[in-house]
Amino acid sequence: MARRRTTVADADDLPRFFVWVRGLEGPEPQKWTAMDFGVGDWKRPLVLAYLELAEDERQLSLSMLARRYPPPRVDVS
């Protein structure tokens, strides 16, 4: 399947943030389109680290971003 070029309109739909969240087995990477912490504050305790992605990084896969930006150290208590 051929990939089509990303247009300016499509760029607004791409994830803008790379986020490490607390998972069941340790930090898990995710891509978010917005940092909406205000909705009931349920996301705030799950977020370990976040980074706003440059436009050229927004289309990268999670595995590529996870290699580029390793997870933060988390104390296991």
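In this text, all values refer to a predicted model and were calculated from it rather than measured experimentally. Residue positions within a chain follow its written sequence, with the count starting from 1. It should be noted that, the model being predicted, local features are given only for residues of pLDDT at least 70 and side-chain atom pairs only at 80 or more, the latter also being counted only at that level, while totals for whole chains, interfaces and linings use all residues. Only hydrogens and water are set aside; all other atoms, that is, all heavy atoms of the structure, feed into the side-chain values.

1. Things to note about the overall build of the chain
Moving on, step 1. Only DSSP runs of H or I with at least four residues qualify as helices, and only runs of E with at least two residues qualify as strands; both kinds are numbered from the N terminus onward. A tally of regular secondary structure across the chain gives 2 helices and 3 strands.
Moving on, step 2. Listing every helix and strand of the chain by position from the N terminus yields α-β-β-β-α.
Moving on, step 3. Burial status follows relative accessibility: with a 1.4 Å probe on protein chains alone, a residue under 20% of its type maximum counts as buried, one over 50% as exposed, and anything between as partly exposed. By residue count, 23% of the 77 residues in the chain fall in the buried class.
Moving on, step 4. Put simply, of all contacts in the chain between residues at least 6 apart along the chain, 53% involve residues at least 24 apart.
Moving on, step 5. Entry remark: accessible area of the chain is about 6,100 Å², with carbon and sulfur atoms responsible for 54%. Two residues qualify as a contact provided that any one of their heavy atoms is within 4.5 Å of a heavy atom in the partner residue. Every accessible area reported is derived by Shrake-Rupley at a probe size of 1.4 Å, with residue values counting cover from the shown protein chains alone.

2. Focus on the sheet that holds strand β1 (residues 17-23)
Moving on, step 1. Pairing between strands requires that DSSP locate at least two bridges from one strand to the other. Taking strand neighbours across the sheet as the criterion, the 3 strands line up as β2-β1-β3 in an open arrangement whose pairing is antiparallel. Sheet topology places β2 (26-32) and β3 (47-52) at the edges, where each strand pairs with a single neighbour. Between one strand axis and the next, the sheet turns by 20 degrees as a mean value, whatever way the strands run.
Moving on, step 2. Alignment of β1 against β3, held across 5 bridges, turns out to be antiparallel. Bridge pairing in β3 links W20 to A49. The axes are straight lines fitted to the C-alpha atoms, using for helices just the contacting stretch, and the angles between their N-to-C directions are given from 0 to 180°.

3. A word on the pairing of β2
Every other side chain in a regular strand lies on the same face of the sheet, so the side chains alternate between the two faces.
Moving on, step 1. Strand direction decides the pairing type here: β1 and β2, joined by 7 bridges, are antiparallel. In the sheet register, V21 faces β2, and the bridge partner there is E28.
Moving on, step 2. The turn linking β1 back onto β2 is made up of 2 residues.

Just geometry here; none of it tells us what the structure is for.
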